[in-house]
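Take a look at the letters that make up each chain.
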Amino acid sequence: MLSAESAALVRATLPAVAGALDEITARFYATMFHDRPELLDGMFNRGNQASGAQRRALAGSIAGFASALLEDPTARPDALLSRIAHKHAAVGVTDDQYTIVHKYLFGAIAEVLGDAVTPEVAAAWDEVYWLMAGALISREALLYQDAGVQPGGIWRPWTVVERRAETPDVVSFVLRPADGEPAPRARAGQYVSVRVRLPDGVHQLRQYSLSCAPGGELRRITVKRVTGDAGGPDGEVSTLLHESVGEGDELLLSAPFGDVFLDDRADSAAPLALVSAGIGCTPMIAVLAHLAALGSTRPVLVLHADRSPGEHALRADTHDLAGRLPGARTVFWYERPGPEEPDARTGPMELSGIELPDGVVVFLCGPLPFMREARDRLLRAGVPARRIRYEVFGPDLWLPDTAACSAPRP
Ligand SMILES: Cc1cc2nc3c(=O)[nH]c(=O)nc-3n(C[C@H](O)[C@H](O)[C@H](O)COP(=O)(O)OP(=O)(O)OC[C@H]3O[C@@H](n4cnc5c(N)ncnc54)[C@H](O)[C@@H]3O)c2cc1C
Ligand code: HEM
């Protein structure tokens, strides 16, 4: 619980700290990676460092947590902490590393804010940091325990047993554990990290949603090749996976994590809407495959937007799985429709024409602008925020948004 004295100091300095967080986090990462280069080799994502997305996510989460504490000194904002803890577990964060992050973060705060950081102010923010760290550490310990692994010991070798081209820029890899042990338990909608060594010798991790039912001995990931068309360089890991990984190769995969999954207990009968765009279809396929494996009869609306039928990854799987679910209905939108999908609609997804069943639980995944638009529409249609679960294929930049933050995550 945040003490009353610290709360007063945090309240007084929050605007100054929040206003300087971008500079603070930039300096924090620069000094930490300078002194501890091993963290950038094999833990942090250097694409997210280059784009500043990780910096913004870290800053937003600290500001969000501090604001929540000021409203209620015992607050532990669940959506915020859960999202971070799952990502931390998927990259193997351990409790001793919180001391390293603390050292560089507080060094950066002192450098950027200078004399404004009196010993009392530093102590108040210290309290916020360790309350947040403590909440994350205990969640991460539970996640590791639940996954049956030692803290940080998330990696296992897997063999690629099949590589399949899905579209011109998407491939799937079907994997089997290479160590002969059973595949770890997963939940429909979760992701794994894949750890690779890049041509310059640096190790990098990226997350990929499982695009298969969570049971059985095989797992599948489906990877879109990221090109530098938008002005940046080609995506490092997706390019490597596309260009140099094939059948018989080994990949290091983490245990599965992720807080957006189909909870069979919490809402086993609720109607579902799976709303996706582009490669955001992957967790939806896992949900559909899981429902099909269960022989589910619940109503499922599968809504997907893509550039064209030929670029719609896992389109045949979607039809096949929906065909096995008596309660399922698919609606597709394409920028460039084609004869393969005569019933598809043209243009971006338009949710206003779709009737959503009462009590619907929505899973949302796709580019951030798409998700913002879809979420707004869903809220306006009366779907409560707590029934909209979204997965972000990058650091969650919605976390600073208090509406998203305060929405309880089931
Ligand atoms: C939970 C989760 C699930 C995911 N599931 C999937 C999935 O199922 N399928 C899938 O395909 N992807 C998925 N992703 C995305 C995936 O993890 C990777 O982000 C994606 O493959 C791109 O990684 P990359 O290494 O190829 O690109 P990166 O090298 O990380 O580059 C990403 C972007 O940053 C730009 N960039 C990088 N460096 C610079 C620089 N120096 N200057 C300017 N711009 C730069 C690149 O041009 C590119 O646009 C998921 C992500 C998350 C978090
Ligand atoms: C209180 C302390 C911390 C806070 C508030 C924090 C916050 C965050 C946030 C908000 C994210 C993004 C989550 C998302 O993907 O949406 C993240 C990711 C991450 N964190 Fe932390 N974190 C903390 C401590 C640590 C520690 C101790 C480490 C280990 C050195 C660490 C390593 C990472 C890594 C590697 C990622 C993924 C980065 C990426 O993929 O770009 N974090 N953290």
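What you see is a predicted model, and the numbers here were worked out from it, not measured in a lab.

It is worth spelling out the coordination of the iron atom of ligand 2 at this point. Looking at the iron atom of ligand 2, one finds just one donor atom contributed by the protein, His88 (NE2), at 2.1 Å. Mapped onto the fold, histidine 88 is located in helix α4 (residues 78-91).

A separate point is the domain arrangement of the protein chain. Taken domain by domain, the protein chain holds domain 1 (4-147), domain 2 (155-254) and domain 3 (272-406). Contacts between the two partners involve 13 residues from domain 1 and, on the opposite side, 18 residues from domain 2. When domain 1 packs against domain 2, the two sides together hide about 1,100 Å² of surface, and 35% of this comes from carbon and sulfur. Connecting domain 1 to domain 2 are four salt bridges. In this structure, the salt-bridge partner of aspartate 200 is arginine 46, at a minimum N-O distance of 2.8 Å. Looking at the side of domain 1 that touches domain 2, the elements with two or more residues in it are α2 (46-51) and α4. A total of four residues in the side of domain 1 that touches domain 2 trace back to one element, the largest contributor, which is α4. Among the residues forming the side of domain 1 that touches domain 2, the class breakdown is five nonpolar, four polar and four charged.

Our next topic: the sheet that holds strand β10 (residues 345-346). Spatially, the six strands line up as an open sheet ordered β10-β9-β8-β7-β11-β12, and their pairing is parallel. With one partner strand each, in any of the chains shown, β10 and β12 (388-391) form the two edges of the open sheet. Relative to strand β9 (residues 328-334), strand β8 (residues 300-306) is paired through seven bridges, and the arrangement is parallel. Among the inter-strand pairings, alanine 305 is bridged to a residue of β9, identified as tryptophan 333. Across the sheet, helix α9 (residues 315-323) touches β8 and β9, and the angle it forms with β9 is around 155°.

All right, on to the side chain of aspartate 306 then. Mapped onto the elements of the fold, aspartate 306 is located in strand β8. Buried and unpaired, aspartate 306 has no salt bridge, with arginine 307 as the nearest side chain of opposite charge at 4.8 Å. When residues no more than four places from it in sequence are discounted, the contact partners of aspartate 306 are Gly278, Glu311, His312, Ala313, Trp333, Tyr334 and Glu335.

A word on the site of ligand 1. Near ligand 1, the surroundings consist of 25 residues, among which Arg206, Gln207, Tyr208, Pro233 and Ser238 are the closest. With respect to ligand 1, the backbone of lysine 224 contributes an N or O atom lying 2.8 Å from an oxygen atom. Here an oxygen atom of ligand 1 sits 2.8 Å away from a polar atom, N or O, in the side chain of threonine 282. Protein contacts shield 78% of the accessible area of ligand 1, which totals 970 Å² for the unbound molecule. When contributions to the shell around ligand 1 are tallied by element, the ones reaching two or more residues are α2, β4 (203-209), β5 (219-224) and α7 (236-244).

Thresholds, definitions, all that
Residues numbered from 1 in each chain as written. Chains lettered and ligands numbered in written order. Predicted model: local features only at pLDDT ≥ 70, side-chain atom pairs only at ≥ 80, totals over all residues. Heavy atoms only, no water. Donors = N, O, S within 2.8 Å, 3.2 Å for Na, K, Ca; no water. Helix = DSSP H or I, 4+ residues; strand = E, 2+ residues; numbered from the N terminus. Domains from an automatic or database assignment. Contact = heavy atoms within 4.5 Å. Buried area = accessible area lost by both parts, 1.4 Å probe. Salt bridge = Lys/Arg side-chain N within 4 Å of Asp/Glu carboxyl O. Nonpolar A, V, L, I, M, F, W, Y, C, P; charged D, E, K, R; others polar. Pairing = 2+ DSSP bridges. Axes fitted to C-alpha atoms, helices over the stretch in contact; angles between N-to-C directions. Buried < 20%, exposed > 50% of the residue type's maximum accessible area, 1.4 Å probe, protein only. Lys, Arg positive; Asp, Glu negative; His and termini not counted. Near = heavy atom within 4 Å. Polar contact = N/O pair within 3.5 Å; in protein donor to acceptor, adjacent residues only side chain to side chain. Areas by Shrake-Rupley, 256 points an atom, 1.4 Å probe, with all protein chains shown as cover.

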